[in-house]
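Here are the chains, one letter per residue:
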Amino acid sequence: MPQASKPPQIVIVGAGTAGLNLATRLSRRLGHAGKAEITLVDENLSHMWKPSLHEFAAGTKGFDEEISLLEHSHRNEYNFRLGRFTGIDREKRLVELQAVNDPSNRPLAPKRALPYDILVLAIGSRSNDFGTPGVAENCMMLDTPAQAKRLQAELLNLFLRFQTGALGTTEKLELTIIGAGATGVELAAELREAAGQFARNGIHKVRRPDAVTIRLIEAAPRVLSALPETISAKVARHLRELHIDV
Ligand SMILES: Cc1cc2nc3c(=O)[nH]c(=O)nc-3n(C[C@H](O)[C@H](O)[C@H](O)COP(=O)(O)OP(=O)(O)OC[C@H]3O[C@@H](n4cnc5c(N)ncnc54)[C@H](O)[C@@H]3O)c2cc1C
């Protein structure tokens, strides 16, 4: 008897808005009819709408909008694989994945390669530190849900230790954000909001108006330099009203 031919393997790397939507739609259109097998790969187990990462990080929005990729793939009938994409073997048509560990360095997914017939790379963009010495070791980036969670935990910890006096004689908290693009500007405003929330929730030391300095550092001559000057000017005015030093 002739062997039924296997449906083509469509592998999508990156479960951001682009990858997640594509996997869902291809699954509905081709996967359900057995015309293709759809596999989505990401180095994280969950998806969050990237423009909200700064709100998650500041703690002004809960993580309840996080989408579990295991649950989403099950509900929408495509495959999900956890792995960090590192390269492609074009001759053998393999996507190479590095192992993924949890924050305590316990292995979650091994190093492996996935076969593909059609490959879509939807890995988005990442912050660029321009090779500036010290940045990689000392700064927190805000590109992924895991980084947003870490930043939120660090902030809460910092404010609580400030209140208990565990930071010694420090009378002021100084928060500095590098980059006044959309993420930096919105994060600065959210941090001011978060400081107000902390003050209302028992962290009395931050009630003093000058207790928390929020500083935004930008190399370009204005904030949001990719947008028209009128918008930059309005945003800069609003940042000043929020006592954010640019
Ligand atoms: C502050 C801010 C505000 C914004 N506001 C808006 C708005 O109002 N409206 C709007 O339409 N757009 C807005 N955007 C832009 C929007 O966020 C992006 O256009 C969108 O997120 C791009 O989607 P993407 O899927 O291409 O990439 P991303 O969202 O960056 O997703 C990439 C995915 O790939 C994964 N990935 C990356 N590298 C690897 C790897 N090596 N291995 C495995 N997985 C990997 C990541 O984990 C992630 O899940 C905003 C962006 C920001 C930062």
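By the naming in an unreviewed UniProt entry, the chain goes by FAD-dependent oxidoreductase and is assigned to Alloyangia mangrovi.

Quick look at the site of the ligand now. Taken together, 22 residues form the shell around the ligand, and within it Ala18, Asp42, Asn44, Lys50 and Phe85 come nearest. One nitrogen or oxygen atom from the main chain of Glu43 is found 3.4 Å from a nitrogen atom belonging to the ligand. Contact between the ligand and Asn44: an oxygen atom at 3.1 Å from a side-chain N or O atom of the residue. Burial of the ligand by the surrounding chains reaches 67%, relative to a free accessible area of 1000 Å². Residue assignment for the shell around the ligand shows that the elements contributing at least two residues are α1 (17-31), β6 (84-89) and α6 (182-200). With 3 residues, α6 is the largest single contributor of residues to the shell around the ligand. For the shell around the ligand, the per-class residue count stands at 8 nonpolar, 8 polar and 6 charged. Both domain 1 (9-121) and domain 2 (135-245) contribute no fewer than three residues apiece to the shell around the ligand.

Okay, the pairing of strand β2 (residues 37-42) next. Extensive coverage of β2 is indicated by the burial of 5 of its 6 residues. Pairing of strand β1 (residues 9-13) with β2 involves 5 bridges; the strand directions are parallel. Opposite Val13, over in β2, you have Val41 as the bridge partner. Handedness of the crossover joining β1 and β2 through α1: right-handed.

Cut-off values and rules
Residues numbered from 1 in each chain as written. Predicted model: local features only at pLDDT ≥ 70, side-chain atom pairs only at ≥ 80, totals over all residues. Heavy atoms only, no water. Near = heavy atom within 4 Å. Polar contact = N/O pair within 3.5 Å; in protein donor to acceptor, adjacent residues only side chain to side chain. Areas by Shrake-Rupley, 256 points an atom, 1.4 Å probe, with all protein chains shown as cover. Helix = DSSP H or I, 4+ residues; strand = E, 2+ residues; numbered from the N terminus. Nonpolar A, V, L, I, M, F, W, Y, C, P; charged D, E, K, R; others polar. Domains from an automatic or database assignment. Buried < 20%, exposed > 50% of the residue type's maximum accessible area, 1.4 Å probe, protein only. Pairing = 2+ DSSP bridges. Right-handed = clockwise from strand over helix to strand, strands pointing away.

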